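Observations on the three-dimensional arrangement
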Amino acid sequence: MTVAFLILAFDQPDQLRRLGMRLAAEGARTILHLDRKADRATFAAKLAGVPLTILPESESYDVYWGGHNMLLACLAVLRVAIADPDVTHAVLLSGNCYPVRPTAEIVRRVAAGGSHIPISRKLEPRARGGHNWFVGKISMLDSPLLNPRTTPFPRLANIASEIIRAFPRRNLPLKDFYHGGTWWTLARAEAQQVLDFTNDRPEVLRWFRHVRIPDEIYPQSLLMADPAIAARLAGEIERNGPSVTSLTYTDWSVGNPHRPKVLGIEDLDAIRASGSLFARKIHPERSAALIGALDRES
């Protein structure tokens, strides 16, 4: 029995080393997707001696916020995890997540449970408003010139995106679409189901190339198509705010609505009370006191 921790990271190699060391425990395996834009030599030096598997550059992607490559990175680490016959669960994390409980306890709790997929809402691609246009309109966020977080020409990028979104998408490949959070925990059966569907229906994955933030829609939609899984996940549909999404505490209640709050020592009591196993979003300097407190409790 092994729980695989799947990490997507692009910066903060010192913090990633600390996370990797914290995740080292019996019955745990850590697999890292490093953004292709990152300085791999720097990360390799910082992560020397940390017990984790780093995907080779040939299997990594240039990840941009909201783009298709984020989904491809998720699937890449999941494939490596499920190729190990001892892996019973896969937990997706970002490099700015941090354990709230001792890793041995996390492994026991994850291994004893099922899948946890954060699902917020059902999408109506032909409806207006809300998140419906994420699948109903075309997005091209893997282009650094069109992505709002990387473009040097924000006004032109916004105009171009508005023009692109003027045309509805046709030939929807799925009957229903669901939107939720990225940071899931999948039991082996559900993980295998996502991978098998991806292998059997590659045209669906290609269609998702122009979906906005597809990592928050693709696995949710595939799994909710199974009535048995949908019945188990029905209770995970939740409102935004400070919440347990999958097994991770995230606070969306303040600041930029598109980015969660950077957590600090003032959030420790709320994190404890949530019962979560991980906290996000952690910054090595702004969250230093919180990280220290979590380490002392573990």
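Refer to the structure presented above.
Predicted, not measured: the structure shown is a model, and the values here were computed from it.

Judged by nonpolar contacts, the single largest core of 48 residues is most densely connected at Leu6, Leu78, Phe208 and Tyr218. Of the residues forming this core, the biggest block, 11 residues, is contributed by helix α3 (residues 68-82). If sequence neighbours within four positions are ignored, leucine 78 has contacts with Leu6, Ala90, Trp184, Leu186, Ala191 and Leu195.

Where α3 meets helix α7 (residues 188-200), the closest approach of the two axes is 10 Å, and the angle between their N-to-C directions is 120 degrees. When the axis of α3 is compared with that of α7, the two are oblique. The interaxial crossing formed by α3 with α7 has left-handed handedness. Every residue of α7 that contacts α3 at Leu75, Leu78, Arg79 and Ile82 is listed here: Arg188, Ala191, Gln192, Val194, Leu195 and Thr198.

Time to look at the sheet that holds strand β1 (residues 2-9). With mixed pairing, 5 strands are arranged side by side in an open sheet as β3-β2-β1-β4-β8. Every interior strand has two partners, whereas the edge strands, β3 (53-54) and β8 (185-187), have only one. Across 3 bridges, the pairing between strand β4 (residues 87-94) and β8 is antiparallel. Its bridge partner lying in β8, alanine 90 is registered against leucine 186. The sheet strands contacting α7 are β4 and β8, and the helix crosses β8 at an angle near 95 degrees.

This next bit is on the pattern of salt bridges. Enumeration according to the criterion identifies 14 salt bridges in this entry. The closest approach of N and O atoms between arginine 272 and aspartate 269, which form a salt bridge, is 3.1 Å. Taken as a pair, arginine 272 and aspartate 269 lie in helix α11 (residues 268-274) at a separation of 3 residues, close to a single helical turn. Looking at arginine 272, the relative accessible area reads 43%, which means it is partly exposed. One salt bridge in this structure joins arginine 272 and glutamate 297, with 2.3 Å as the shortest N-O distance. Of this pair, arginine 272 sits in helix α11 while glutamate 297 sits in helix α12 (residues 288-297), and the two are 25 residues apart along the sequence. By sharing partners, the salt bridges in this structure join Arg18, Arg22 and Asp295 into a single network.

Here we come to the packing of helix α1 (residues 13-22) against α12. Running from amino to carboxyl end, α1 crosses α12 at an angle of 15 degrees, the nearest separation of the two axes being 13 Å. The orientation of α1 with respect to α12, classified from their angle, is roughly parallel. Handedness of the α1/α12 crossing: left-handed. Counted together, Gln15, Arg18 and Arg22 of α1 and Ile291, Gly292, Leu294 and Asp295 of α12 form the full contact between these two elements.

Because an α-helix completes one turn every 3.6 residues, residues spaced three or four positions apart along the sequence face the same direction. Compared with the 21 Å implied by 1.5 Å per residue over 15 residues, the 21 Å span of α3 between its first and last C-alpha is a close match. Counting buried positions along α3 yields 13 of 15 residues, so the element is predominantly enclosed.

Here the focus is the pairing of β4. If a strand is regular, its side chains alternate between the two faces of the sheet. Along β4, 7 of the 8 residues are buried, which leaves the element largely enclosed by surrounding structure. Where β1 meets β4, 7 bridges bridge the pair, whose relative direction is parallel. Note on β4: the bridge partner recorded for alanine 4 is alanine 90.

Cut-offs and rules
- Residues numbered from 1 in each chain as written.
- Predicted model: local features only at pLDDT ≥ 70, side-chain atom pairs only at ≥ 80, totals over all residues.
- Heavy atoms only, no water.
- Core = buried A, V, L, I, M, F, W, Y, C linked by side-chain atoms within 4.5 Å.
- Buried < 20%, exposed > 50% of the residue type's maximum accessible area, 1.4 Å probe, protein only.
- Helix = DSSP H or I, 4+ residues; strand = E, 2+ residues; numbered from the N terminus.
- Contact = heavy atoms within 4.5 Å.
- Axes fitted to C-alpha atoms, helices over the stretch in contact; angles between N-to-C directions.
- Parallel < 35°, antiparallel > 145°, perpendicular 65-115°, else oblique.
- Left-handed = near helix turned anticlockwise from the far one by under 90°.
- Pairing = 2+ DSSP bridges.
- Salt bridge = Lys/Arg side-chain N within 4 Å of Asp/Glu carboxyl O.
- Expected span 1.5 Å × (residues − 1).

By themselves, these figures tell us nothing about what the structure is for.
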